[in-house]
Amino acid sequence: MAKTQPLQSTITPDDVLSYWLDELSPKDWYSSSPALDQQIRDRFLPAWKNAQDGAYSLWLTYASGALAYIILNDQMPRNMFRGEGNSFASDRIALAAAKVAISKGWDMKIDAPARQFFYLPLMHSECLTDQERNVCLYKERMSASGQELRHAQAHRNVIREFGRFPYRNDALGRATNQAEEQFLAKGGYRFALENLDQIAA
């Protein structure tokens, strides 16, 4: 029986970045694998909890540290707590860190595709202003492929229509209204993407 890697309570930005950017592939970033989700929990759950208690503030004083902080608090919870409310528990601090980093131009110190992780907290925001800014950043600061920009625009369009992401309602204990029920019945986010393609056609 293989040994499980011990939980890490103390980590560095390099630990986060080397794992997320080097050990994982771009396909892993957006996959839904129970094994991958468990691996991230095993390696980074204590660090995520520490961040909620205010740890790692020094990471926010330079570009690569801020990137690691954002990945830890924006991306990794979506794996660690898939389908649960805690998936979004640290969105607020990730969004704040991203906005500061972008204002300092730190995003432009990081090459694509890693640069996109400065923008994803805005894509995950349920604020339309953040969504509009995210689409602009993808257009202006990323050599965005059609797929990347397409996802940014689809997220924005969902917020334009509903003011929130209906597919989060169950995890967050929110009541789903009739319009949202119809949207989810049509496929939810997949439908938003298809609808965007029809508009562009």
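Okay, so let's go over this structure. No experiment lies behind these values; they were computed from the predicted model shown.

**Observations regarding the overall build of the chain**
Reasoning step 1: Of the regular secondary structure elements, the chain holds 11 helices and zero strands.
Reasoning step 2: Projected onto its principal axes, the C-alpha positions of the chain cover 45 × 40 × 30 Å.
Reasoning step 3: Looking at the chain as a whole, 47% of its 201 residues are labelled buried.
Reasoning step 4: Expressed as a percentage of contacts within the chain between residues at least 6 apart in sequence, the contacts between residues at least 24 apart total 61%.
Reasoning step 5: When the accessible area of the chain is evaluated, it comes to approximately 10300 Å², of which 52% is carbon and sulfur surface.
Reasoning step 6: Computed over 23 positive and 24 negative side-chain charges, the inter-centroid distance for the chain is 2 Å.

**Overview of the layout of surface pockets**
Reasoning step 1: A volume near 870 Å³ is recorded for the largest pocket.
Reasoning step 2: Lining the largest pocket are 28 residues, and of these Y30, R78, R82, H124 and H155 sit closest to its centre.
Reasoning step 3: When residues of the lining of the largest pocket are traced back to their parent elements, those giving at least two are helix 2 (26–29), helix 4 (63–80), helix 6 (120–123) and helix 8 (146–162).
Reasoning step 4: Looking at the lining of the largest pocket element by element, the count peaks at four residues for helix 8.
Reasoning step 5: Across the lining of the largest pocket, the residue classes tally to 12 nonpolar, 11 polar and five charged.
Reasoning step 6: Two domains share the lining of the largest pocket, each providing at least three of its residues, namely domain 1 (12–110) and domain 2 (125–200).

**Some points on the state of the cysteines**
Reasoning step 1: Under the counting rule described, the total for this entry stands at zero disulfides.
Reasoning step 2: For the unlinked cysteine C127, the closest cysteine sulfur is that of C136, found at 13 Å.
Reasoning step 3: C127 sits in the partly exposed class, given a relative accessible area of 32%.
Reasoning step 4: Take C136: its relative accessible area is 38%, and that puts it in the partly exposed class.

**Details of the pattern of salt bridges**
Reasoning step 1: Enumeration over the complete set of coordinates arrives at 12 salt bridges.
Reasoning step 2: A salt bridge links D91 to R78; the shortest N-O distance between them is 2.9 Å. Of this pair, D91 sits in helix 5 (residues 91–103) while R78 sits in helix 4, and the two are 13 residues apart along the sequence.
Reasoning step 3: D91 sits in the buried class, given a relative accessible area of 12%.
Reasoning step 4: In this structure, D91 engages R168 in a salt bridge whose closest nitrogen and oxygen atoms are separated by 4.0 Å. Placement of the pair is D91 in helix 5 and R168 in the loop between helix 8 and helix 9 (169–172), with a sequence separation of 77 residues. Here D91 matches R168 in class, with each residue buried.
Reasoning step 5: Salt bridges sharing partners connect three or more residues here, namely D74, R78, D91 and R168.

**Section: the nonpolar core**
Reasoning step 1: The biggest cluster of nonpolar side chains holds 48 residues, and the ones touching the most others in it are W20, L72, M76 and F118.
Reasoning step 2: For this core, the two domains that each supply at least three residues are domain 1 (12–110) and domain 2 (125–200).
Reasoning step 3: Residue contacts for M76: discarding those within four places in its chain leaves V16, Y19, W20, I40, F44 and I71.
Reasoning step 4: Counting residues in each nonpolar core, the second largest holds 10 residues, with A154, V158, F162 and L193 among its members.

**Let's talk about the packing of helix 4 against helix 5**
Reasoning step 1: At a minimum axis distance of 9 Å, the contact between helix 4 and helix 5 shows a crossing angle of 150 degrees. In terms of axis orientation, helix 4 runs roughly antiparallel to helix 5. Taken as a pair, helix 4 and helix 5 cross one another with a handedness that is left-handed. Between helix 4 and helix 5, the contacting residues are A66, Y69, I70, N73, D74 and R78 on the first element and D91, I93, A94, A97, A98 and A101 on the second.
Reasoning step 2: For the contact of helix 4 with helix 5, the residue count by class is eight nonpolar, one polar and three charged.

Thresholds applied
- Residues numbered from 1 in each chain as written.
- Predicted model: local features only at pLDDT ≥ 70, side-chain atom pairs only at ≥ 80, totals over all residues.
- Heavy atoms only, no water.
- Helix = DSSP H or I, 4+ residues; strand = E, 2+ residues; numbered from the N terminus.
- Buried < 20%, exposed > 50% of the residue type's maximum accessible area, 1.4 Å probe, protein only.
- Contact = heavy atoms within 4.5 Å.
- Areas by Shrake-Rupley, 256 points an atom, 1.4 Å probe, with all protein chains shown as cover.
- Lys, Arg positive; Asp, Glu negative; His and termini not counted.
- Charge placed at Lys NZ, Arg CZ, Asp CG, Glu CD.
- 1 Å grid on protein atoms, 1.4 Å probe; cavity = no way out; pocket = protein on both sides within 12 Å on 5 of 7 lines; lining within 4 Å.
- Points joined across faces, edges and corners; volume = space filled by probe spheres on them.
- Nonpolar A, V, L, I, M, F, W, Y, C, P; charged D, E, K, R; others polar.
- Domains from an automatic or database assignment.
- Disulfide = S-S within 2.5 Å.
- Salt bridge = Lys/Arg side-chain N within 4 Å of Asp/Glu carboxyl O.
- Core = buried A, V, L, I, M, F, W, Y, C linked by side-chain atoms within 4.5 Å.
- Axes fitted to C-alpha atoms, helices over the stretch in contact; angles between N-to-C directions.
- Parallel < 35°, antiparallel > 145°, perpendicular 65-115°, else oblique.
- Left-handed = near helix turned anticlockwise from the far one by under 90°.

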